[in-house]
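Residue-level structure breakdown
What follows is each chain in one-letter form.
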Amino acid sequence: MPCHNQQLNNVNSGQEHPMKQVRFANSSSSGGGGGGGGSVPAVLSNSEPTDAATLSDSQHNLGPQLKLLPLNDQIRELQTIIRDKTTSRGDFVFCADRLIRLVVEEGLNQLPYSECTVTTPTGYKYEGVKFERGNCGVSIMRSGEAMEQGLRDCCRSIRIGKILIQSDEETQKAKVYYAKFPPDVYRRKVLLMYPILSTGNTVIEAVRVLIEHGVQPRHIILLSLFSTPHGAKSIIQEFPDITILTTEVHPVAPTHFGQRYFGTD
């Protein structure tokens, strides 16, 4: 997927890349009135929402650390299929893998490159670029493991670490149960993988573990498929130097992702 950093960076200047806004709208809150609204299920609306300005403002407030993939019809369809409760598991995994690949490709665009010159089979010199060494992936188990293959498909020899974080049954706080990283993780740029950002608590705890292992927040790029405004804001407020890359910021996140992807729903 082509890099759109120039468009993404326009968030600072107020010239945000035009995006199709979607929302979950309950007909009971529409201006038409009518009783019994509580029994009407929420529906996905393609029309311009009344809270579109609110969502746009939240993206502006989060600053350049939040990067959105430019929305197109291909991404929109994948988002729709993943959110649809009637989607079969086979279609769900297929579309999730496609969306993961798009996010991973754009995440790689955030990593440092160096210029290089190669010789073509016809003897000509070509001025190109290559990855700088020193990158790794870290998946937050279990749902983050769904993104590992997408990263390996793009970087065959990349090292991948893992973190297992679960909520404590008594305190309900995120607790680290397992963490394993490359020995020199503190020297690397880290692609942290977690598909759904809801509250942000799990990611915050994972970043703290990485910091304890010597990783600087500015060297962490969080790859996510869907995020709520609250989740993204919580992470950036805690770690202002981290980069978050996602396809959508919306108050309703598909929290069923892990169960559907691994077939445990």
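Preceding this section is the structure that the text describes.
My aim in this report is to walk through the structure given alongside it, one point at a time. (Residues numbered from 1 in each chain as written. Predicted model: local features only at pLDDT ≥ 70, side-chain atom pairs only at ≥ 80, totals over all residues. Heavy atoms only, no water.)

Re the sheet that holds strand β14 (residues 248-249)
The strands making up a sheet are joined through hydrogen bonds of the backbone, oriented either antiparallel or parallel. Read from one edge of the open sheet, three strands run β10-β12-β14, paired in parallel fashion. With one partner strand each, in any of the chains shown, β10 (196-197) and β14 form the two edges of the open sheet. Inspection of the sheet shows β10 paired to strand β12 (residues 226-227) by two bridges, in the parallel sense. Bridge pairing in β12 places Ile 196 opposite Phe 226. (Pairing = 2+ DSSP bridges. Helix = DSSP H or I, 4+ residues; strand = E, 2+ residues; numbered from the N terminus.)

Structural notes on the pairing of strand β11 (residues 220-223)
The two faces of β11 match: Ile 220 and Leu 222 on one face and Ile 221 and Leu 223 on the other face are all buried. Here strand β9 (residues 189-193) pairs with β11 via four bridges, running parallel. Pairing of Leu 192 across the sheet is with Leu 222, part of β11. Here β11 pairs with strand β13 (residues 243-246) via three bridges, running parallel. Of the residues in β13, the one forming a bridge with Ile 221 is Thr 243. (Buried < 20%, exposed > 50% of the residue type's maximum accessible area, 1.4 Å probe, protein only.)

Here we look at helix α6 (residues 201-212)
Because an α-helix completes one turn every 3.6 residues, residues spaced three or four positions apart along the sequence face the same direction. A rise of 1.5 Å per residue sets the reference length of α6, with its 12 residues, at 16 Å; its end C-alpha atoms lie 17 Å apart and thus fit the reference within 8%. The complete set of buried residues in α6 reads Thr 202, Val 203, Ile 204, Glu 205, Ala 206, Val 207, Val 209 and Leu 210. A positive backbone phi angle near 95° is found at Gly 214, which sits one or two residues after α6. (Expected span 1.5 Å × (residues − 1).)

Looking at the sheet that holds β9
If you walk across this open sheet you meet the seven strands as β3-β13-β11-β9-β6-β7-β8, and the pairing is mixed. Strands at the two margins of the open sheet, each flanked by one partner only, are β3 (66-68) and β8 (174-180). Looking at each pair of strands side by side, their axes are set apart by 25° on average, direction ignored. The strands touched by helix α4 (residues 89-108) are β9, β11 and β13; relative to β11, the strand with the most contacts, the crossing angle is about 165°. (Axes fitted to C-alpha atoms, helices over the stretch in contact; angles between N-to-C directions. Contact = heavy atoms within 4.5 Å.)

With respect to helix α3 (residues 73-83)
Those residues of α3 that fall on the buried side of the exposure criterion are Ile 75, Arg 76, Leu 78, Gln 79, Ile 82 and Arg 83. Mapping the buried residues of α3 onto a view down its axis gives an arc of 160°, with all of them on the same face. Two or three places before Gln 74, at the opening of α3, Asn 72 has a side-chain oxygen 3.1 Å from that residue's backbone nitrogen. (Arc of directions from axis to C-beta. Polar contact = N/O pair within 3.5 Å; in protein donor to acceptor, adjacent residues only side chain to side chain.)

Some points on the packing of α3 against α4
For the pair α3 and α4, interaxial distance at closest approach is 9 Å and the crossing angle is 140°. One finds that α3 runs oblique with respect to α4. As for the relative orientation of α3 and α4, their crossing is left-handed in sense. The residues of α4 that touch α3, namely those facing Gln 74, Ile 75, Leu 78, Gln 79, Ile 81 and Ile 82, are Asp 91, Phe 92, Cys 95, Ala 96, Arg 98, Leu 99 and Leu 102. Tallied by class, the residues present in the contact of α3 with α4 amount to nine nonpolar, two polar and two charged. (Parallel < 35°, antiparallel > 145°, perpendicular 65-115°, else oblique. Left-handed = near helix turned anticlockwise from the far one by under 90°. Nonpolar A, V, L, I, M, F, W, Y, C, P; charged D, E, K, R; others polar.)

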